[in-house]
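Below, each chain spelled out in residue letters.
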Amino acid sequence: MKAIEYRAYGEPDVLQFVERPDPVPGPGEVLIQVHAVSLAPGDWKMRRGLLKDVFPARFPVTPGRDGSGEIVVLGAGVTDFAPGDGVVFMTDRVTSGSYAELIVRKRDAIVRKPAGVSHIEAAAANHAGLCAWLGLVDAARIGAGARVLIHGAAGAVGSFAVQLAHHLGAKVAATCRAGSVEYVAALGAHTVIAYDRDDFAAILRDYDVVYDLVGGAVHERSYRVLKKGGLLLYLIAKPVVERGAEYGVTVKRVAIEERPDAIRAVMALVAAGAVKAQVDRVFPLAEAAAAHRFLESAEPRHGRCVLQIR
Ligand SMILES: NC(=O)c1ccc[n+]([C@@H]2O[C@H](COP(=O)([O-])OP(=O)(O)OC[C@H]3O[C@@H](n4cnc5c(N)ncnc54)[C@H](OP(=O)(O)O)[C@@H]3O)[C@@H](O)[C@H]2O)c1
């Protein structure tokens, strides 16, 4: 099979398009022909070595944290799937990733892909939707009428989170660059603040929940827009200094873990049309280095870029 791998941290050029032996599923596992994979910021941050203290690499590394594909071989003991079934899956960050034509996953870690959702849509919604869902549903349990602010709203996680919060009946405010304001408003945000034009902390007050996908100074200023007893959620992005006790708010880091139940919920939302998968650009597997260069550039993006493998 063909795959992408790198043998040292570095620039996008360390990504090599290589030939490898096909993996073989063991008992309780399935072999999946990968059709599409999301291109996440974590992929290039790992490749640059920026996350090596948290997720040390074991070279060679194949990037790719999720994917959508089709089962080709069932391992012993797997009886409830069949070759040809469409599935979505996550990978473990420190073992072999999904920028590859074939991958082996445990049966318990895969989720059926809804028939009406394409592989590209499923890949775009998979990890991004999981991050949005674990924050807004699992951690914050937001419901109708909740006042929610989402930072980084034009990105992959943010664009899913805005739609999810809107679908759940929340009143959604969001931040993004000026050129993306119309895009984010169309996702369901009632107030959109351009971070390169206005200061959200001077405009918004009394929010129940902030989901911070940016970190650093954005995190610091977010305390001011929360009401007492509010919740500041964040993903690991730029470093943050927690000041919850000072402001009377709860601060929580959203830990992204393999959660098939949450991915199932995400896929159901996409299948039902409650949330639309946001696909920015699609790159072929052989152009993974070009895709990483694009991800690291300052070019505006709406939603997720996807690597199409088949
Ligand atoms: N395991 C984890 O902890 C985990 C999991 C998933 C994601 N993450 C991190 O969470 C972040 C979001 O992930 P993603 O996949 O959604 O990334 P993404 O698609 O690159 O989106 C990031 C968004 O943040 C926006 N942004 C940048 N500076 C901003 C500011 N000052 N105010 C408001 N928005 C700003 C960007 O807008 P412009 O491009 O228009 O400037 C972009 O739309 C990334 O840093 C990622 O590494 C961590």
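Preceding this paragraph is the structure being described.
If you're wondering where the values come from, they're calculated on a predicted model, not measured in any experiment.

(A) Local environment of the nonpolar core. In terms of nonpolar packing, the biggest core is built from 56 residues, with Leu 136, Ile 142, Ile 150 and Val 184 touching the most fellow members. Formed jointly, this core draws a minimum of three residues from each of two domains, domain 1 (2-125 + 258-308) and domain 2 (128-253). Listed in part, the 30 residues of the second largest apolar core include Tyr 6, Val 30, Phe 81 and Leu 307.

(B) A look at the sheet that holds strand E8 (residues 147-150). Taken together, 6 strands build an open sheet; the order of strands is E10-E9-E8-E11-E12-E13 and the sheet is parallel. Across the chains shown, the open sheet's two edge strands, defined by having one partner strand only, are strand E10 (191-194) and strand E13 (250-253). With strand direction ignored, the average angle separating the axes of adjacent strands in the sheet is 15°. The pairing of strand E9 (residues 171-176) with E10 spans 4 bridges and is classified as parallel.

(C) Region of interest: the packing of helix H2 (residues 119-139) against helix H3 (residues 156-167). At a minimum axis distance of 8 Å, the contact between H2 and H3 shows a crossing angle of 50°. The orientation of H2 relative to H3 falls into the category oblique. In the packing of H2 onto H3, the handedness of the crossing is right-handed. Together, Ala 125, Ala 128, Gly 129, Cys 131, Ala 132, Trp 133, Leu 136 and Val 137 of H2 and Ala 156, Val 157, Phe 160, Ala 161, Leu 164 and Ala 165 of H3 make up the contact between the two elements. Looking at side-chain class alone, the contact of H2 with H3 contains 13 nonpolar, 1 polar and no charged residues.

About the criteria used
- Residues numbered from 1 in each chain as written.
- Predicted model: local features only at pLDDT ≥ 70, side-chain atom pairs only at ≥ 80, totals over all residues.
- Heavy atoms only, no water.
- Core = buried A, V, L, I, M, F, W, Y, C linked by side-chain atoms within 4.5 Å.
- Buried < 20%, exposed > 50% of the residue type's maximum accessible area, 1.4 Å probe, protein only.
- Domains from an automatic or database assignment.
- Pairing = 2+ DSSP bridges.
- Helix = DSSP H or I, 4+ residues; strand = E, 2+ residues; numbered from the N terminus.
- Axes fitted to C-alpha atoms, helices over the stretch in contact; angles between N-to-C directions.
- Parallel < 35°, antiparallel > 145°, perpendicular 65-115°, else oblique.
- Left-handed = near helix turned anticlockwise from the far one by under 90°.
- Contact = heavy atoms within 4.5 Å.
- Nonpolar A, V, L, I, M, F, W, Y, C, P; charged D, E, K, R; others polar.

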